[in-house]
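A look at the structure
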Amino acid sequence: MKGVLILPILLVAAAAAGADPQAPAVLEGFGGAAEPSAAALYAEFCAGCHGQDPVPLSGGPYPALFGNPQIAAAGAVYVAVKALHGTGNMYPLCAFASDAEIAAIANYLAAANAHQGAPLSVEAVAPLRPAAGDCPVSH
Ligand code: HEC
């Protein structure tokens with residue numbers, strides 16, 4: 001359950017970093033770059049529940065997103081839709097991640113699972129978002 005506790009801390013840290021170009025120490029671990037890498041975005045938004053690559057999660061309610069046959073077959077659009085709308089016990093991340101962040105994470109996971117399709121463009125993310133009013137801002 002450690003991940004569940006870490007995620008809100010990372011989200012608060014990310015919000016603080018957005019307002020302040022002097023990123024706090026926790027974000028410097030992501031490379032200190034103004035544009036975090038896709039791996040850093042995965043770590044920020046997803047790893048708290050889904051685990052870090054390449055460490056697989058054993059048991060528990062969170063499916064591994066590396067070596068994942070669904071992502072291998074369906075690729076970045078599948079990841080983006082799950083992330084934006086939530087699924088089962090996973091709350092929607094639509095209110096917390098930008099189109100660029102979603103595209104980066106979705107393409108990162110599609111590539112990590114050797115999906116063969118074209119990458120998802122940033123512009124293609126907006127139409128995948130839930131309708132206005134259907135995106136909870138808290139969880
Ligand atoms: C708060 C915990 C939590 C966070 C944060 C989270 N997820 Fe999930 N995710 C889950 C749970 C739980 C499931 C399983 C849902 C179910 O089937 O009940 C899941 C399922 C998924 C699935 C479907 C997996 C499959 O095998 O079909 C995908 C894809 C996914 N998450 C992507 C993401 C991405 C991408 C992020 C980050 C942007 C993310 N998740 C962040 C908890 C989380």
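Preceding this section is the structure that the text describes.
A few points on the structure. (Residues numbered from 1 in each chain as written. Predicted model: local features only at pLDDT ≥ 70, side-chain atom pairs only at ≥ 80, totals over all residues. Heavy atoms only, no water.)

Here we look at the state of the cysteines
Using the criterion set out here, one finds 1 disulfide in the structure. Covalent S-S linkage joins C94 and C135, the inter-sulfur distance amounting to 2.1 Å. Here C94 and C135 share a disulfide; its torsion about the S-S bond, 120 degrees, makes the bridge right-handed. A residue pair is termed long-range when its members are at least 10 positions apart, and C94 in the loop between α5 (69–85) and α6 (99–112) and C135 in the segment after α6 qualify at 41 residues. Of the residues examined, C135 reaches a relative accessible area of 25% and is grouped as partly exposed. (Disulfide = S-S within 2.5 Å. Helix = DSSP H or I, 4+ residues; strand = E, 2+ residues; numbered from the N terminus. Buried < 20%, exposed > 50% of the residue type's maximum accessible area, 1.4 Å probe, protein only.)

Notes on the side chain of N113
The topology assignment puts N113 in the segment after α6. Using a relative accessible area of 8% as the deciding quantity, one classes N113 as buried. Within polar-contact distance, the side chain of N113 engages the backbone oxygen of L65 at 2.7 Å. In this structure, N113 is in contact with L65, F66, G67, N68, I71 and A72, ignoring residues within four places of it in sequence. (Polar contact = N/O pair within 3.5 Å; in protein donor to acceptor, adjacent residues only side chain to side chain. Contact = heavy atoms within 4.5 Å.)

Remarks on the pattern of salt bridges
Counted under the stated rule, the structure contains 1 salt bridge. The shortest N-O distance in the salt bridge between R129 and D99 comes to 2.6 Å. Taken together, the residues span a long stretch of sequence, with R129 in the segment after α6 and D99 in helix α6 at a distance of 30 residues. (Salt bridge = Lys/Arg side-chain N within 4 Å of Asp/Glu carboxyl O.)

Side note on the site of the ligand
Taken together, 22 residues surround the ligand, and among them C46, C49, H50, Y78 and M90 come closest. In this structure, N68 approaches the ligand through a side-chain N or O atom, which is 2.9 Å from an oxygen atom. Within the backbone of N89, a nitrogen or oxygen atom sits 3.1 Å from an oxygen atom of the ligand. The element that contributes the greatest number of residues to the shell around the ligand is α5, accounting for 4 residues. The residue inventory of the shell around the ligand, partitioned by class, reads 15 nonpolar, 6 polar and 1 charged. (Near = heavy atom within 4 Å. Nonpolar A, V, L, I, M, F, W, Y, C, P; charged D, E, K, R; others polar.)

Comments concerning the coordination of the iron atom of the ligand
Taken together, the protein donors to the iron atom of the ligand comprise H50 (NE2) and M90 (SD), at separations of 1.9 to 2.1 Å. Around the iron atom of the ligand, the 6 donor atoms are arranged such that angles at the metal cover 86 to 179 degrees; this shape is classified as octahedral. Taken as a pair, H50 in helix α4 (residues 47–50) and M90 in the loop between α5 and α6 lie far apart in primary sequence, 40 residues in all. Classification of H50 as buried rests on a relative accessible area of 12%. Its relative accessible area of 26% is what places M90 among the partly exposed residues. (Donors = N, O, S within 2.8 Å, 3.2 Å for Na, K, Ca; no water. Tetrahedral: all angles 85-135°; square planar, octahedral: opposite > 155°, others 65-115°.)

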